[in-house]
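Coordinate analysis (summary)
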Amino acid sequence: MKTPVFEEWRDRPLDEVLIACRDLVEDSEFVTVKRWRENGGKVLGHFQVYFPEEIAHAAGMLPVKIRGASLEATNADSHFGSYLCSILKTSLELALSGRIRLDMFVSHPICDAARNLAAIWGRNFSHPCQILYLPQNANSSHSATYLRGEYDRLRRVAEEVAGRSVSDDDLRRSIEVFNENRRLLRELYRIKRDTPWLVAAEDAYCLTAVAGMVPREEHNELLSTVLPQLRSRTARSQDRVRVVFEGGFCEQPPLDLIRMLGRTCYVVDDDLLIGLRWITEDVPLDGDPLASLAESYLERSSYSPVQHDLRKPKERMLLQRIDSSRADAAIIAAAKMCEPGLEEQVAYTHALDERGIPFFVTEFEENMTSFEHLELQVETFLENLLFA
């Protein structure tokens, strides 16, 4: 493994470790990526929602999740229309302003706005800007074969950028690393569900988000150190409403919004950064590794408004999330101007109404800075549940 890029947490008490993670996630300068490049490494940036990061890892590159940032899109604004979500603009701004330098960029046609993202990046940068075409029909018998071909195409591009071949054994070693990472993330979310008073909502989010900013080996080491310490905390449960947050699959709410929710309720499950947790079981290590990754995307996976799978109706999957986390209510959010998120709100609210599950509907934007009015609304909603 290369020289570590995130050392600030090492040999520190738990509270200081969590602060170091928060500082890293809120820093739009991507210091860990800069350190990786200073050590001679190459970087593959991938836009929301899901990308098989094992391919970049197997090529010796650092896969970085491009998820926008809380900053003004001063340079990028002129490259997009007005009525588009913020994440498209701030993601490009990160690169145009030099905050992050990539050697390869991959996006996905997850919505009408994002379908042209790779082309826009390609006009502004000389590095390869590729589109990963995930299956439109996840229920087709040919979907896995098709997706395996898409993964292989991107493997070949990654080989050219990295200047090295990527063998099946390289991919298996990377899958093993990422299987461990997903197991650790599932353990973090078990702590959120079973004992949410042991980990603040903002800390659980930052511990997850760091995965998209550092080599996975480092993230595995971080979580392996932190999770036992979280479990050994002596905090006690409070009388709070258990809530599922739905709507963070692409553009991310500001950390201050997540922090505000954590002050008012227990966020016991969510779809924040779901791409990092998309695959829900270990990817098999035997056989063709690209075929295993493709099959896992389809068969061992979560859900989001940008994957169309008739076996996983979004409203039914949300109800399962609420049931499995023993939540009392749901917060149904959507990023402003987000077509997929706003469309699913209709189906979600109808399903919740039918089940008699209380819900609160709202919008957010990654650049929002004022939360007083929203916090008052959320507190009113939760107090009605507690004292009804």
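Scroll up for the structure.
The model shown is predicted, which means the values in this text are computed figures rather than measured ones. (Residues numbered from 1 in each chain as written. Predicted model: local features only at pLDDT ≥ 70, side-chain atom pairs only at ≥ 80, totals over all residues. Heavy atoms only, no water.)

Under the criterion given, the structure shown has 40 salt bridges. With a shortest N-O distance of 2.5 Å, Arg216 and Glu53 are connected by a salt bridge. With Arg216 in helix α9 (residues 216-231) and Glu53 in helix α3 (residues 53-58), the pair connects residues that are 163 residues apart, well separated along the chain. The class of Arg216 is buried, set by a relative accessible area of 3%. Residue classification places Glu53 among the buried residues on the basis of a relative accessible area of 5%. (Salt bridge = Lys/Arg side-chain N within 4 Å of Asp/Glu carboxyl O. Helix = DSSP H or I, 4+ residues; strand = E, 2+ residues; numbered from the N terminus. Buried < 20%, exposed > 50% of the residue type's maximum accessible area, 1.4 Å probe, protein only.)

With that settled, the discussion passes to the packing of helix α1 (residues 14-26) against helix α8 (residues 201-209). The packing of two helices is summarised by the inter-axis angle and the distance between the axes. Close contact between α1 and α8 brings their axes to 9 Å; oriented N to C, the two are set at 65°. Taken together, the axes of α1 and α8 are roughly perpendicular relative to one another. Crossing hand, α1 versus α8: left-handed. Taken together, the residues of α8 that come into contact with α1 (itself represented by Leu18, Cys21, Arg22 and Val25) are Glu202, Asp203, Tyr205, Cys206, Leu207 and Ala209. Looking at the contact of α1 with α8, its residues break down into seven nonpolar, no polar and three charged. (Axes fitted to C-alpha atoms, helices over the stretch in contact; angles between N-to-C directions. Parallel < 35°, antiparallel > 145°, perpendicular 65-115°, else oblique. Left-handed = near helix turned anticlockwise from the far one by under 90°. Contact = heavy atoms within 4.5 Å. Nonpolar A, V, L, I, M, F, W, Y, C, P; charged D, E, K, R; others polar.)

Another aspect to go through is empty space enclosed by the protein. A water-sized probe, rolled over the atoms, reveals where empty space remains. A complete count under the given rule lists four cavities of 30 Å³ or more for this structure. Along the walls of the largest cavity sit Tyr50, Phe51, Glu53, Glu54, Phe178, Asn181, Arg182, Arg216, Gly275, Leu276, Trp278 and Ile279, which together make up its complete lining. Secondary-structure elements contributing two or more residues to the lining of the largest cavity are α3 and α7 (168-194). The biggest single contributor to the lining of the largest cavity is α7, with three residues. Tallied by class, residues from the lining of the largest cavity come to six nonpolar, two polar and four charged. (1 Å grid on protein atoms, 1.4 Å probe; cavity = no way out; pocket = protein on both sides within 12 Å on 5 of 7 lines; lining within 4 Å. Points joined across faces, edges and corners; volume = space filled by probe spheres on them.)

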